[in-house]
Amino acid sequence: MEKSDPAYPFREIEPKWQSQWAGKRLFEVKLDDARPKYYCLVMFPYPSASLHVGHGRNYILGDAVARYKMMRGFNVLSPMGFDAFGLPAENAALKNNIHPKTSTLEHIQNMKRQLGEWGCGYDWTREVISCLPDYYRWTQWIFLKLYEKGLAYKKKAAVNWCP
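Residues numbered from 1 in each chain as written. Predicted model: local features only at pLDDT ≥ 70, side-chain atom pairs only at ≥ 80, totals over all residues. Heavy atoms only, no water.

Engineer: Tell me about the layout of surface pockets, and name the residues and values.
Structural biologist: Here the largest pocket defines a volume of roughly 290 Å³. Forming the boundary of the largest pocket are 16 residues, of which A22, F27, C120, Y122 and W124 lie nearest the centre. Among the elements of the structure, α1 (10-24) and α4 (100-118) are those that each provide at least two residues to the lining of the largest pocket. Estimates place the volume of the second largest pocket at around 170 Å³. Lining of the second largest pocket is provided by A84, F85, G86, E90, P100, K101, T104, L105, C131, L132, P133 and Y136. (1 Å grid on protein atoms, 1.4 Å probe; cavity = no way out; pocket = protein on both sides within 12 Å on 5 of 7 lines; lining within 4 Å. Points joined across faces, edges and corners; volume = space filled by probe spheres on them. Helix = DSSP H or I, 4+ residues; strand = E, 2+ residues; numbered from the N terminus.)

Structure representation (structure tokens):
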């Protein structure tokens, strides 16, 4: 009878490889790269709490797809961001009696740490955080332009919503 292999020493192996990936900037896309392009976008999490196993299904599978395409010779853009401008983040802050900006930015830092520990690779140079002015000023500007042209308006209409 053969001895079984020891448990996977992830505390040694994972940081070693993650450090090498970061040093090589493995997940940063190069615009002048001649390889065929592939865009791998996963849903941006709501930074209202820590990530949980349900998030893992989404982000780890997206990471696997991006890595597969990279290994197949594609120049893969896999950005990450945080859908941080809305009720989930604000309700979490209110529940914990913390200012929404403080709570949201703390959750974002924690989620980035968790994604890193999971080994998920993203092009962090293209990070989007929707609650920061450098992002939402453009959505506000676009909305105002649509409004000025009469293309944004309030109206009663049937919607696809379950009561």
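Engineer: I'd love a proper account of α1, names of residues and values included.
Structural biologist: If you check α1, its first and last C-alpha atoms are 21 Å apart, about what 15 residues at 1.5 Å a residue would give, namely 21 Å. Phi for R25, located one or two positions after α1, is positive at around 55°. (Expected span 1.5 Å × (residues − 1).)

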